[in-house]
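Here's the letter readout for the chains.
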Amino acid sequence: GAVVSQHPSWVICKSGTSVKIECRSLDFQATTMFWYRQFPKQSLMLMATSNEGSKATYEQGVEKDKFLINHASLTLSTLTVTSAHPEDSSFYICSAEQGANYGYTFGSGTRLTVV
Amino acid sequence: RKEVEQDPGPFNVPEGATVAFNCTYSNSASQSFFWYRQDCRKEPKLLMSVYSSGNEDGRFTAQLNRASQYISLLIRDSKLSDSATYLCVVTTGRRALTFGSGTRLQVQP
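From a predicted model like this one, the values you see are computed outputs, not experimental measurements.

1. Observations concerning the overall build of chain B
On a plain count of helices and strands, chain B comes out with zero helices and eleven strands. When each of the 109 residues of chain B is scored for burial, the buried share is 47%. Surface summary for chain B: the accessible area is close to 5400 Å², and the carbon and sulfur share equals 46%. Once the 13 positive and 10 negative side-chain charges of chain B are each reduced to a mean point, those two points are 6 Å apart.

Structure, rendered in structure tokens:
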């Protein structure tokens, strides 16, 4: 089946630093990837939709200058959390749609802790 | 009002029990419906799609009532390995998924 590889699995960083999270579709081309965030005991919330070759579409309340998304190829999308703060600590997870009838595949998620 | 609402639980049931979860969604234009399973600190995994005619996969049965905007999941003969959070998920015309906050199930020996 379709696989989305997400790295790193977890990261601890200091306040003010930037962290890059990568998602790769390993055996299919993903023109669109979705980035979600999940705080403890809460639902996954869509942050942005990443489109290959064009600008990402951000959800209301998500700062595009803080969460930089790049989708430069059909198999790779990256999310960079810039100038991270403790309130950015969360579980970040990407998802790709393999095709209209194939459903969605999730990466394994990245647990970010900002200290 | 949340787009997808679920009882957070937890539901604590003994092995072998039958347990049902419900979910309601607010957007009548919602198009696709799913149940996902999420283990602690892991990514969600698709359990099953949900159709108006109802569908069954082994011990799991899902039902959709479009008129009431209501989705259900029934688990028969619960196993310890069924312990997880069950997420009700819909699409609303946008391609992204909209998640409920999940219902936690704990199956006890």
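2. Describing the interface of chain B and chain A
The accessible area lost on association of the parts is a frequent measure of interface size. Each side of the interface is counted separately: chain B has 15 residues, and chain A has 17 residues. For the interface between chain B and chain A, the tally reads zero salt bridges. The class makeup of the residues in the side of chain B that touches chain A is six nonpolar, four polar and five charged.

3. Focus: unusual backbone geometry
A cis amide bond links His7 of chain A with the next residue in sequence, Pro8 of chain A, at an omega value of -5°. Structurally, the position occupied by Pro8 of chain A is in the loop between β1 (4–7) and β2 (10–13). Looking along the chain, the bond that leaves Gly9 of chain B and enters Pro10 of chain B is cis, with omega of 5°. Its identity as a non-glycine residue notwithstanding, Ser83 of chain A has a phi of 45°, on the positive side. As for its position among the elements, Ser83 of chain A is in the loop between β8 (76–81) and β9 (90–99). Ser83 of chain A sits in the partly exposed class, given a relative accessible area of 34%. One non-glycine residue, Asp77 of chain B, adopts positive backbone phi at about 50°. Considering the arrangement of structural elements, one finds Asp77 of chain B in the loop between β8 (70–75) and β9 (84–91). With a relative accessible area of 36%, Asp77 of chain B lands in the partly exposed category.

4. Side note on the packing of aromatic side chains
By the definition in use, this model includes twelve aromatic pairs over all chains. On the numbers, 6.1 Å between centres and 45° between planes, the contact of Tyr36 of chain A with Phe106 of chain A is tilted. In this pair, Tyr36 of chain A is assigned in strand β4 (residues 32–38) and Phe106 of chain A in strand β10 (residues 103–106), connecting sequence segments 70 residues apart. The class of Tyr36 of chain A is buried, set by a relative accessible area of 0%. Given a relative accessible area of 7%, Phe106 of chain A falls into the buried group. Here Phe21 of chain B and Tyr86 of chain B contribute two aromatic rings whose centre-to-centre distance is 5.4 Å and whose plane-to-plane angle is 40°, an arrangement assigned as tilted. In this pair, Phe21 of chain B is assigned in strand β3 (residues 19–25) and Tyr86 of chain B in strand β9, connecting sequence segments 65 residues apart. No difference in accessibility class separates Phe21 of chain B from Tyr86 of chain B, as the two residues are buried. Here the aromatic cluster, defined as three or more aromatic residues joined through ring pairs, consists of Phe34, Tyr36, Tyr104 and Phe106 of chain A together with Phe34, Tyr36 and Phe99 of chain B. The residue whose ring lies beneath Lys66 of chain A is Phe67 of chain A, and the NZ or CZ to ring-centre distance is 5.9 Å.

5. Side note on the environment of Asp88 of chain A
Residue and element names in this part refer to chain A. With respect to the secondary-structure elements, Asp88 resides in the loop between β8 and β9. On the basis of relative accessibility, which here comes to 5%, the residue Asp88 falls in the buried class. A sequence separation of 67 residues divides Asp88 from Ile21, and the C-alpha atoms of the two residues are 13 Å apart. For Asp88, the contacting residues outside a window of four places in its chain are Lys66, Phe67, Val81, Ser83 and Leu112.

6. As for a nonpolar patch on the surface
Taken together, the side chains of Trp10, Ile12 and Val115 of chain A present a nonpolar region at the surface, about 370 Å² in accessible area. In this fold, Trp10 of chain A is placed in strand β2.

7. Considering the sheet that holds β8 of chain B
Residues and elements named next belong to chain B. An order of β1-β3-β8-β7-β6 is seen for the five strands of this open sheet, with the pairing classed as antiparallel. A strand with exactly one partner marks an edge of an open sheet, and here the two such strands are β1 (4–6) and β6 (55–57). For this sheet, the mean inter-axis angle between neighbouring strands, taken without regard to orientation, is 20°. Pairing of β3 with β8 involves six bridges; the strand directions are antiparallel.

Each value, and the rule that gives it
- Residues numbered from 1 in each chain as written.
- Chains lettered and ligands numbered in written order.
- Predicted model: local features only at pLDDT ≥ 70, side-chain atom pairs only at ≥ 80, totals over all residues.
- Heavy atoms only, no water.
- Helix = DSSP H or I, 4+ residues; strand = E, 2+ residues; numbered from the N terminus.
- Buried < 20%, exposed > 50% of the residue type's maximum accessible area, 1.4 Å probe, protein only.
- Areas by Shrake-Rupley, 256 points an atom, 1.4 Å probe, with all protein chains shown as cover.
- Lys, Arg positive; Asp, Glu negative; His and termini not counted.
- Charge placed at Lys NZ, Arg CZ, Asp CG, Glu CD.
- Contact = heavy atoms within 4.5 Å.
- Salt bridge = Lys/Arg side-chain N within 4 Å of Asp/Glu carboxyl O.
- Nonpolar A, V, L, I, M, F, W, Y, C, P; charged D, E, K, R; others polar.
- Phe/Tyr/Trp six-rings, centres within 6.5 Å; stacked < 30°, edge-to-face > 60°.
- Lys NZ or Arg CZ within 6 Å of the ring centre and 35° of its normal.
- Patch = residues over 30% accessible without salt bridge, like charges linked within 9 Å, V, L, I, M, F, W, Y side chains within 5 Å.
- Pairing = 2+ DSSP bridges.
- Axes fitted to C-alpha atoms, helices over the stretch in contact; angles between N-to-C directions.

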